[in-house]
Amino acid sequence: MVGQSPFRRVRAVLRAVFCAVLGAATVTAAGAAPERVVSLNLCTDQLAMLLAAPGQLVSVSFLAQDPMNSAMADAARAFPANRGQAEEVFLMKPDLVLAGTYTSRAAVSMLRRLGIEVVEFPPERSLDDVRRHLRLMGQVLGQQARAEAMIADYDTRLAALRADPAHRPRAALYSANGYTTGGNTLSGEILAAAGFDNIAAEAGVPAGGALPLEVLVMLRPDLVITGARYPGASRSEALLDHPALAPLLAAVPDAPATNADWVCGTPYVLRAIEGLVAARKALEDGR
Amino acid sequence: MRYGTLIAGLGALVLVLFAASLLIGPAALGLGDSLGALFAGRGEAAVLVMREIRLPRALLGVMLGASLGLSGAAMQGYLRNPLAEPGLIGVSSSAALGAVLALQTGLAASFALALPLMALAGAVLSVLLLLLLAGPRGSSLTLILAGIALSAFAGALTSLVLNLSPNPYAAAEIIFWMLGSLGDRSFTHVWLALPFMALGWVLLATLGRGLDALTLGEDAAAALGIRLARLRLVLILGVAACVGAGVAVAGAVGFVGLVVPHLLRPLVGARPGRLLPASALGGAAMLLAADIAVRVIAPGRDLKLGVLTALVGAPLFLHLIYKTRREGL
């Protein structure tokens, strides 16, 4: 894919992405700042909205306007939404397209064939990725100064929030279909940063997987963090109403749910950590 | 084999499988802990597992299996056709459509009984349509053709409703409504289904004498004092109540109503009246066995019940078709 592209800048930026992902110290941004940027991915949408200069970002994905998944749904309504179709994106005449490594594969390769520069961001898997991606987005958009300021702010606030209490309560991330999330994920790091031990480790789930309700009940976590509920009904979510889960959920009545702040690696993860820290303090007080 | 011995044997089998269903699960509780939690309430977490997770699941297995076995036996007796089965001829998928509509329109959230009632309505409509299309004698060809059409139609509408749902998980649940599962069901579901199923059992149990008489032909049955119109109505309501309530809480599990009556028919001297209780017990045993198997084969992956019942049922179905063709029916 990369080798076939006749555009040098594409290669340069892709190399920049590659280096940044590998954590290389210095990366040189290629060329001048892009003027018409279209983002196709929920997470690049939010990073771009945080860093782009007024008028620089032309369109974000429709998901960015959904408050269930996007921490910046209100801000996203100011932009025309796209559904990641190559045709509609091409007609927006972008000089740079931002995509996730798993978003709209067909559209991305089509846009590349049409000679449009596409930068792909892998999903954020850790709190460190937030910093890395802010820096990368700053370079790609030519907004390095703004990115560095945001990273400094993020680091300060994260350091202030990061807790290592003597007693770490045991928490479970439990969402629809009994899916639990382990430590080697963004959600897992959010949980750990707030001073919780993740029950997934005891159940032998390193990243993510189904945890039978029986096993969860036997492990007896101090806190169960469920996912925010979608409209409409589903059997997958009905599991969270199971009577066997009720005593665990009742332990911390206003426990936070995994919401839009948890989905993407943006500075909004700090808000998720804040909510968890408050829940941990409520647990300590109730003890 | 004597009839009494057969019923006692099947009853014992259901009891053994019920106990096994209670004792098998991902939480790896010991025998003593399980029984202590279930009967004496020892161990807070273990009590939750035994009383709130495993007991309702095992009870639903018995209830659903008995309902499906009974419905299959009754329909086969009435239509005098061994291919009549709620899953095959579209009754289950129509009930699933009713249930999905109740859930997705929010009706079930505001009024809990709407779920089984809507599924029951779907089942009633489909049985009525089938009897209309296939006629009272239910020749194999018309019955199966009408069943396929109904199944496909109800299945397509179910998929459509789930695809249009605002809930991102709903579309993935098409497979649950088609294949059925008892995973993570609770007493809420037991209490929702039980009244309707019990009604269905009572209605179908009264049909024994009428179905026996029907084996002599409709005229002879009428001469024996069987009121055919009434028998037909009771059958429709009984099957709809059983299948509707079952599908509403556990999805459409196929083939139980086909396999069980077929296996047991020679053992009861081919008398439809005697086949009814035997099939109910046999269906409960088959469903419990299938539900244990899904937990043993793929623990934690919610393998669907219909997968296992179809693995056993489909070859038998082919055998039945082969036999039917050979006999030139």
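Residues numbered from 1 in each chain as written. Chains lettered and ligands numbered in written order. Predicted model: local features only at pLDDT ≥ 70, side-chain atom pairs only at ≥ 80, totals over all residues. Heavy atoms only, no water.

- An unreviewed UniProt entry annotates chain B as Iron complex transport system permease protein of Actibacterium naphthalenivorans.
- Within the UniProt record for chain B, the comment given under Subcellular location (unreviewed entry) is "Cell membrane".
- Its UniProt record, at the heading Sequence similarities (unreviewed entry), says of chain B: "Belongs to the binding-protein-dependent transport system permease family. FecCD subfamily." (UniProt positions renumbered as here; feature names shortened; annotations may be inferred.)

- Going by what an unreviewed UniProt entry lists, chain A is known as Iron complex transport system substrate-binding protein and is assigned to Actibacterium naphthalenivorans.

### With respect to the interface of chain B and chain A
- Listed by partner, the interface residues are 30 residues for chain B and 23 residues for chain A.
- The junction of chain B with chain A conceals about 2,200 Å² of combined surface from both sides, 64% of it contributed by carbon and sulfur atoms.
- The tally of links between chain B and chain A comes to three salt bridges.
- The shortest N-O distance in the salt bridge between A:R235 and B:D302 comes to 3.7 Å.
- Our count for the chain B to chain A interface comes out at 10 residue pairs in polar contact (both at pLDDT 80 or more).
- Counting only elements with at least two residues in the side of chain B that touches chain A, the list comes to α3 (44-79) and α4 (91-104) of chain B.
- For the side of chain B that touches chain A, the class distribution of residues is 14 nonpolar, nine polar and seven charged. (Contact = heavy atoms within 4.5 Å. Buried area = accessible area lost by both parts, 1.4 Å probe. Salt bridge = Lys/Arg side-chain N within 4 Å of Asp/Glu carboxyl O. Polar contact = N/O pair within 3.5 Å; in protein donor to acceptor, adjacent residues only side chain to side chain. Helix = DSSP H or I, 4+ residues; strand = E, 2+ residues; numbered from the N terminus. Nonpolar A, V, L, I, M, F, W, Y, C, P; charged D, E, K, R; others polar.)

### A closer look at a nonpolar patch on the surface
- On the surface, a cluster of nonpolar side chains totalling about 380 Å² of accessible area is made up of A:F90, A:L91, A:M110 and A:L114.
- Mapped onto the secondary structure, A:L91 falls in helix α4 (residues 86-91). (Patch = residues over 30% accessible without salt bridge, like charges linked within 9 Å, V, L, I, M, F, W, Y side chains within 5 Å. Areas by Shrake-Rupley, 256 points an atom, 1.4 Å probe, with all protein chains shown as cover.)

### Section: the pairing of strand β4 (residues 96-100) of chain A
All names here are of chain A.
- For β4, a buried count of five out of five residues is recorded, marking the element as mostly surrounded by other parts of the structure.
- The two faces of β4 match: L96, L98 and G100 on one face and V97 and A99 on the other face are all buried.
- As judged from the three bridges shared by strand β1 (residues 37-39) and β4, these two strands associate in the parallel manner. From the neighbouring strand, V38 faces β4, where its bridge partner is V97.
- Of the pairings in the sheet, the one linking β4 to strand β5 (residues 118-121) comprises four bridges and is parallel in character. Along β5, the bridge assignment pairs A99 with E120.
- For the segment spanning β4, helix α5 (residues 105-113) and β5, crossover handedness is right-handed. (Buried < 20%, exposed > 50% of the residue type's maximum accessible area, 1.4 Å probe, protein only. Pairing = 2+ DSSP bridges. Right-handed = clockwise from strand over helix to strand, strands pointing away.)

### Description of the nonpolar core
- One finds A:Y174, A:L213 and A:V217 to be the most contacted residues of the largest nonpolar core, which totals 127 residues.
- Looking at this core, the element that brings in the most residues is α3(B), giving 20 residues.
- When neighbours within four sequence positions are excluded, A:V217 is seen to be in contact with A:A244, A:L248, B:A45, B:L48, B:V49 and B:I53.
- One finds A:L127, A:L141, A:Y154 and A:L283 within the second-largest nonpolar core, a separate group that totals 51 residues. (Core = buried A, V, L, I, M, F, W, Y, C linked by side-chain atoms within 4.5 Å.)

### Some thoughts on the layout of surface pockets
All names here are of chain A.
- Volume-wise, the second largest pocket comes out at about 1,000 Å³.
- Lining the second largest pocket are 42 residues, and of these T181, S187, W262, V263 and C264 lie nearest its centre.
- Those elements that place two or more of their residues in the lining of the second largest pocket are α2 (42-51), β6 (170-175), β7 (179-181), α8 (186-193), β10 (223-226) and α13 (260-263).
- Grouping the amino acids of the lining of the second largest pocket by side-chain chemistry returns 22 nonpolar, 16 polar and four charged. (1 Å grid on protein atoms, 1.4 Å probe; cavity = no way out; pocket = protein on both sides within 12 Å on 5 of 7 lines; lining within 4 Å. Points joined across faces, edges and corners; volume = space filled by probe spheres on them.)

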